[in-house]
Amino acid sequence: MSETSPSWLTSAARANPQTSALIIGDQTWTYAELHTLTQQCAAHLYARGIRSGDRVAVLLPNSWEYVALIHATALLGAILVPLNIRLTPAEISWQLTHVRASLLIYASDTAPLADACGIENGAIVSDLFSPPPYVWGGGQGVGSDSSSPPRQMERGPGGELELRGVRLDLHSPTAIVFTSGTSGQPKGVVLTYANFLYSALGSANRLGTIPGDRWLCCLPLYHVGGLSIIQRCCLYGTTVILQNGFDMAQIQHAFRSQAVTLISLVPTMLYRLIENGIQFPPTLRLILLGGAAASPDLLEKSQALGLPVATTYGLTEACSQVATLFPAETKPGSVGRPLMFSSVEILRDDGTPAKIGEYGEVVVSGKMVMAGYDENPTATVEILRDGRLYTGDIGYLDADGDLWVVQRRTDLIVSGGENVYPVEIENTLRQHPAVADCCAVGLPDAEWGQIVAMAVVLKGGFEADPAALTAFCRQHLAGYKIPRRWVFVERLPQNATGKIQRRTVAELFD
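Quick caveat, the model's predicted, so the values are computed rather than measured.

What counts as what
Residues numbered from 1 in each chain as written. Predicted model: local features only at pLDDT ≥ 70, side-chain atom pairs only at ≥ 80, totals over all residues. Heavy atoms only, no water. 1 Å grid on protein atoms, 1.4 Å probe; cavity = no way out; pocket = protein on both sides within 12 Å on 5 of 7 lines; lining within 4 Å. Points joined across faces, edges and corners; volume = space filled by probe spheres on them. Helix = DSSP H or I, 4+ residues; strand = E, 2+ residues; numbered from the N terminus. Expected span 1.5 Å × (residues − 1). Buried < 20%, exposed > 50% of the residue type's maximum accessible area, 1.4 Å probe, protein only. Phe/Tyr/Trp six-rings, centres within 6.5 Å; stacked < 30°, edge-to-face > 60°. Axes fitted to C-alpha atoms, helices over the stretch in contact; angles between N-to-C directions. Parallel < 35°, antiparallel > 145°, perpendicular 65-115°, else oblique. Left-handed = near helix turned anticlockwise from the far one by under 90°. Contact = heavy atoms within 4.5 Å. Nonpolar A, V, L, I, M, F, W, Y, C, P; charged D, E, K, R; others polar. Pairing = 2+ DSSP bridges. Salt bridge = Lys/Arg side-chain N within 4 Å of Asp/Glu carboxyl O. Arc of directions from axis to C-beta.

**Things to note about empty space enclosed by the protein**
Then, number 1: Following the criterion strictly, the structure yields 4 cavities of 30 Å³ or more and no others.
Then, number 2: Taken as a whole, the largest cavity holds about 80 Å³ of empty space.
Then, number 3: Along the walls of the largest cavity sit Ser7, Trp8, Leu9, His71, Ala74, Leu75, Leu168, Thr174, Tyr193 and Gln231, which together make up its complete lining.
Then, number 4: Taken together, the elements giving at least two residues each to the lining of the largest cavity come down to helix H1 (8-15) and helix H3 (64-76).
Then, number 5: Here the element with the most residues in the lining of the largest cavity is H3; it accounts for 3 residues.

**Remarks on H3**
Then, number 1: With 13 residues, H3 extends 19 Å between its outermost C-alpha atoms, agreeing within 8% with the 18 Å of an ideal straight helix rising 1.5 Å per residue.
Then, number 2: Of all 13 residues making up H3, 12 are buried, and the element is well covered by its neighbours.
Then, number 3: Taken together, the buried positions of H3 are Glu65, Tyr66, Val67, Ala68, Leu69, Ile70, His71, Ala72, Thr73, Ala74, Leu75 and Leu76.
Then, number 4: Positive phi shows up at Gly77, right after H3, with a value of about 75°.

**Observations concerning the packing of aromatic side chains**
Then, number 1: Per the counting criterion, the structure on display carries 8 aromatic pairs.
Then, number 2: The interplanar angle of 70° and the centroid separation of 5.0 Å between the aromatic rings of Tyr198 and Phe341 together place this pair among those described as edge-to-face. Placement of Tyr198 in helix H6 (residues 193-207) and of Phe341 in the loop between strand E19 (337-338) and strand E20 (342-347) is noted, with a sequence separation of 143 residues between them.
Then, number 3: When its relative accessible area of 34% is taken as the criterion, Phe341 is described as partly exposed.
Then, number 4: Among the aromatic side chains, those forming a connected cluster through ring pairs are Trp29, Trp64 and Phe129.

**Quick notes on the packing of H1 against helix H7 (residues 224-236)**
Then, number 1: One way to put it is that H1 packs onto H7 with a least axis distance of 8 Å and a crossing angle of 40°. One finds that H1 runs oblique with respect to H7. Pair H1 / H7 crosses with left-handed handedness. Across from Trp8, Leu9 and Ala12 in H1, the residues of H7 making contact are Gln231, Cys234 and Leu235.
Then, number 2: For the contact of H1 with H7, the per-class residue count stands at 5 nonpolar, 1 polar and no charged.

**Side note on the sheet that holds strand E18 (residues 320-325)**
Then, number 1: With mixed pairing, the 9 strands of this open sheet are ordered in space as E3-E2-E14-E13-E15-E16-E17-E18-E19. The sheet is open, and its two edges are formed by strand E3 (27-30) and E19, each paired on a single side.
Then, number 2: In terms of strand pairing, strand E15 (residues 262-265) meets strand E16 (residues 286-289) through 4 bridges, oriented parallel. Pairing of Leu262 across the sheet is with Leu286, part of E16.
Then, number 3: Against the sheet, H7 engages strand E13 (214-217), strand E14 (239-242), E15 and E18, with an angle of about 160° to E13.

**Quick word on the pattern of salt bridges**
Then, number 1: As enumerated under the stated definition, the model contains 17 salt bridges in all.
Then, number 2: Between Lys331 and Asp398 there is a salt bridge whose closest N-O contact spans 2.9 Å. Residue Lys331 is located in the loop between E18 and E19, and its partner Asp398 is located in the loop between strand E24 (388-397) and strand E25 (403-407); the two are separated by 67 residues in the primary sequence.
Then, number 3: The buried category is assigned to Asp398, whose relative accessible area is 15%.
Then, number 4: In this structure, the salt-bridge partner of Arg388 is Glu345, at a minimum N-O distance of 2.6 Å. Taken together, the positions of Arg388 in strand E24 and Glu345 in strand E20 put the pair 43 residues apart, joining distant regions of the chain.
Then, number 5: For Arg388, a relative accessible area of 23% puts it in the partly exposed group.

**Some words on the sheet that holds strand E28 (residues 435-445)**
Then, number 1: Read across the open sheet, the 3 strands follow the order E28-E29-E30; overall the sheet is mixed. Whereas interior strands pair on both sides, the edge strands pair on one side only; in this sheet they are E28 and strand E30 (485-488). Taken over all neighbouring pairs, the strand axes of this sheet differ in orientation by 25° on average, direction set aside.
Then, number 2: Relative to E30, strand E29 (residues 449-458) runs parallel, the two being bridged by 4 bridges. Considered in E30, the bridge of Met454 is made with Trp486.
Then, number 3: With respect to the sheet, helix H12 (residues 422-429) is in contact with E28, E29 and E30, its orientation differing from that of E28 by roughly 145°.

**A word on helix H13 (residues 466-474)**
Then, number 1: Taken together, the buried positions of H13 are occupied by Leu469, Thr470, Phe472 and Cys473. Viewed end-on, H13 has its buried residues packed into an arc of 160°, placing them on one side of the element. H13 presents Ala467 and Arg474 as exposed residues on the side facing more than 90 degrees away from its buried surface.
Then, number 2: For H13, the secondary structure elements touched by its buried residues are H12, E28, E29 and E30.

Below you can see the structure in the form of structure tokens.
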């Protein structure tokens, strides 16, 4: 049986038309204004042939146009595919091909990157907000195959196109968000409306929400953390303060002038804010801290400053938040209990439940769990079994039912909140003519949480130095994946079965 819901933005615009929906710098858009822009954008997308189920890829920095696009694709039943603007053309091209994107939307500053991908069907975002391409009264309609607008589109009081009576199928995909994979290739996580809805409800139940909330988002909208903030605030009828990346001066300005009540940060960001003496406002009621493990030192500094930190555990495959501890100082190091509508269990290798305090795999169930990986049934059945998400992360539950995450996936490196899988870097570096073998590991770093380090075995008769290998990696990988430290060895340490011992490799950098 299908479950449907009215359009979230349309509902918010009707209920709270004059409430601030979005603030960027000194400019504010109400829900009514954002709704108008979204309708306009949806009309242009329809004119370009976008229909229900089509994939619309977005290569944009954080902006008001990005927010409108998120809502416009939902109005049409299309699927948003946010792309990481820090990736290389080769990486983006692979994702566009894999996801079978019907349209790529880019901005003037990402146009060179889009052009380098060799796109066949693209549109600059500014063209989607000009007057809609209609001629009423028998002229050419919205679609090239129609002389009238689609059924759900009607003229508003001023003759503008409106989508009316739109209902969202909660179990249909609304976004495909790419995340790294242990095979070295990224995976497209298919997230439904229900995933975002129940994630928002569970988060509000744990963190609370008030009508005057203003959530500062400096996370990129191509990450599930940033995308979730846009969806949640729309569902709550509250305000997003959107910034294009992490800029301490802009954050300080927002803290001083925009009555920020919530902010989402990764530990690297909070570390920098504290170290640079940023003044946190009295209106701030919560810092949602996730994306990587927070160090004891960082939590101690936060507690000394009286900062309202909530440590959280989540992943793209579970539409962001899974468990959250608030306030964090009650049990430093824990990420708290699972949110409403989700559950966490710890399983041994044989699939049996672990005892209290016993390490095992973190397995997540509930309404936030993804529909699967796009066009990758093999990977989907490996991680999704009987409706349960086998995260690969290692952790334990204490006697209170609070979760402690020991390690975020076996080989995962989390640098500045970005997930980096060693296999991807290793596969790239092995293409260098001088490299016989290599192994990437994460090293602790006070600022970044972890940095990438690489042990390299050179081929006989070949020479290469860190500068040359760094330059080679930079041609093929995003900047945050580039190794920061290098060591050259005659062979990589292996165990009796021939598996590389990454822990021993990490010790080479001591």
